[in-house]
Amino acid sequence: MLDPREWFTEIDERSGSALSYRILDKLHEEQTPFQRIAIYETRDWGRLMSIDGCVMLTSRDNFLYHEAMAHIPLFTHTAPRRVVIIGGGDCGTLREVLKHPEVERVVQVEIDERVTRLAEKHFPELCESNGDPRAELLFADGIRWMAEAKAESADVIIVDSTDPVGPAEGLFNEAFYRQCLRVLAPGGLFVQQSESPIAHTGLILSIHRHLRAAGFPLTRSACFPQPCYPSGWWSLTMAAREAQDLTRFREDAARSRPFPTRWYNAEVHRGALALPEFLREALAAI
Ligand code: AG3
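The notes below deal with the structure included here. (Residues numbered from 1 in each chain as written. Predicted model: local features only at pLDDT ≥ 70, side-chain atom pairs only at ≥ 80, totals over all residues. Heavy atoms only, no water.)

### As for the packing of aromatic side chains
- Under the criterion given, the structure shown has 13 aromatic pairs.
- With a centroid separation of 5.8 Å and 40° between ring planes, the pair formed by Phe190 and Phe216 is classed as tilted. One end of the pair, Phe190, is in strand β10 (residues 184–193); the other, Phe216, is in the loop between α6 (201–213) and β11 (218–225), and 26 residues separate them in sequence. Each member of the pair, Phe190 as well as Phe216, carries the same accessibility label: buried.
- Relative to Phe278, the ring of Trp233 has its centre 6.3 Å away and its plane inclined at 65°; by these criteria the two rings are edge-to-face. Of this pair, Trp233 sits in strand β12 (residues 233–240) while Phe278 is found in helix α9 (residues 277–284), placing the two residues 45 residues apart along the sequence.
- The class of Trp233 is partly exposed, set by a relative accessible area of 27%. (Phe/Tyr/Trp six-rings, centres within 6.5 Å; stacked < 30°, edge-to-face > 60°. Helix = DSSP H or I, 4+ residues; strand = E, 2+ residues; numbered from the N terminus. Buried < 20%, exposed > 50% of the residue type's maximum accessible area, 1.4 Å probe, protein only.)

Pasting the structure below:
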């Protein structure tokens, strides 16, 4: 029997499942005013950050999630210049967004400065673009920030949050989505991490319902692998300010992108948009 202290386990009560990593060391743990953050050295997945017992990322596989969250919306938008990231404190999404040369300004609004400070220390590769003059890192409540933001001031809003419990709960409802719609400029696109297609299907459906109720005419989910999250399979959900076909994207630009990626390419983008039958049926019925 292995010493249980040598394993980090995330228990996902919602789906009645758990996920474990062999760990070598706990590098840090602290309670911030918002949440409990821990950093581990794993044996096989590099470093791992957890928040309130939930895996946020590992060094080895975070590129899947971060590339999906940045490149799918940015190649779907026809001319993404002004980007807002809500959450995203580890800066992995920010780094991918800044790879797009047409992006002129990115404002990231993270509620908990400690997430960023710990990422700078333990995941420096994710923070390597934080000094980019196009990026502004704010530490504030994203819900309040959005309510006070200027109308039509963003082309893309990316919500890179924790699960819809605790500080992130208010990022998954109609009131927040209404503010996002107001802040989006014509042609604008909203995207949110929307949990597991198989383990949290009901949540995905409710995100679509609330987005439509808030006035977004079109919504679309995409699925991608993410081994370190419950079920190993994850999703993002996009919503367009105007009725625009969200299965279309700047495919030529995606093919000739002037930056390296490890997951994203035009083919996986198209593949991620293909909905599994159970999800397609469930979404058709909302
Ligand atoms: N994204 C965290 C997604 C939610 C993970 N949920 C879980 N493990 N139960 C934020 C971190 C990546 N920037």
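And the narrative resumes.
### Focus on the pattern of salt bridges
- In this structure the tally under the stated criterion is 26 salt bridges.
- The shortest N-O distance in the salt bridge between Asp155 and Arg82 comes to 3.0 Å. On the criterion of sequence distance, the pair formed by Asp155 in strand β9 (residues 154–160) and Arg82 in strand β6 (residues 82–87) is long-range, its members being 73 residues apart.
- Taking relative accessible area as the criterion, Arg82 reaches 25% and is therefore assigned partly exposed.
- Here the salt bridges share partners, and the residues they tie into one network are Asp12, Arg14, Asp163 and Glu195. (Salt bridge = Lys/Arg side-chain N within 4 Å of Asp/Glu carboxyl O.)

### Some details on the site of the ligand
- As a matter of local geometry, the ligand sits amid 14 residues, with Glu10, Val55, His66, Asp90 and Asp163 nearest to it.
- A distance of 2.7 Å separates a nitrogen atom of the ligand from a polar side-chain atom of Glu10.
- His66 is positioned with one of its side-chain polar atoms (N or O) 2.9 Å from a nitrogen atom of the ligand.
- For the ligand, whose free accessible area comes to 400 Å², the fraction covered by protein is 98%. (Near = heavy atom within 4 Å. Polar contact = N/O pair within 3.5 Å; in protein donor to acceptor, adjacent residues only side chain to side chain. Areas by Shrake-Rupley, 256 points an atom, 1.4 Å probe, with all protein chains shown as cover.)

### Overview of the environment of Thr42
- Here Thr42 shows up in strand β3 (residues 36–42).
- Its relative accessible area of 3% is what places Thr42 among the buried residues.
- Sequence-wise, Thr42 and Phe8 are 34 residues apart; in three dimensions their C-alpha atoms are separated by 8.6 Å.
- Side-chain polar atoms of Thr42 contact the backbone oxygen of Gly46, separated by 2.6 Å.

### Describing the packing of helix α5 (residues 174–183) against α6
- Running from N to C, α5 and α6 cross one another at 50°; their axes reach a closest spacing of 8 Å. When the interaxial angle is binned, α5 and α6 end up oblique. For the element pair α5 and α6, the recorded crossing hand is right-handed. Seen from α5, the contacting residues are Glu174, Tyr177 and Arg178; seen from α6, they are Ile207, His210, Leu211 and Ala213.
- For the contact of α5 with α6, the per-class residue count stands at four nonpolar, one polar and two charged. (Axes fitted to C-alpha atoms, helices over the stretch in contact; angles between N-to-C directions. Parallel < 35°, antiparallel > 145°, perpendicular 65-115°, else oblique. Left-handed = near helix turned anticlockwise from the far one by under 90°. Contact = heavy atoms within 4.5 Å. Nonpolar A, V, L, I, M, F, W, Y, C, P; charged D, E, K, R; others polar.)

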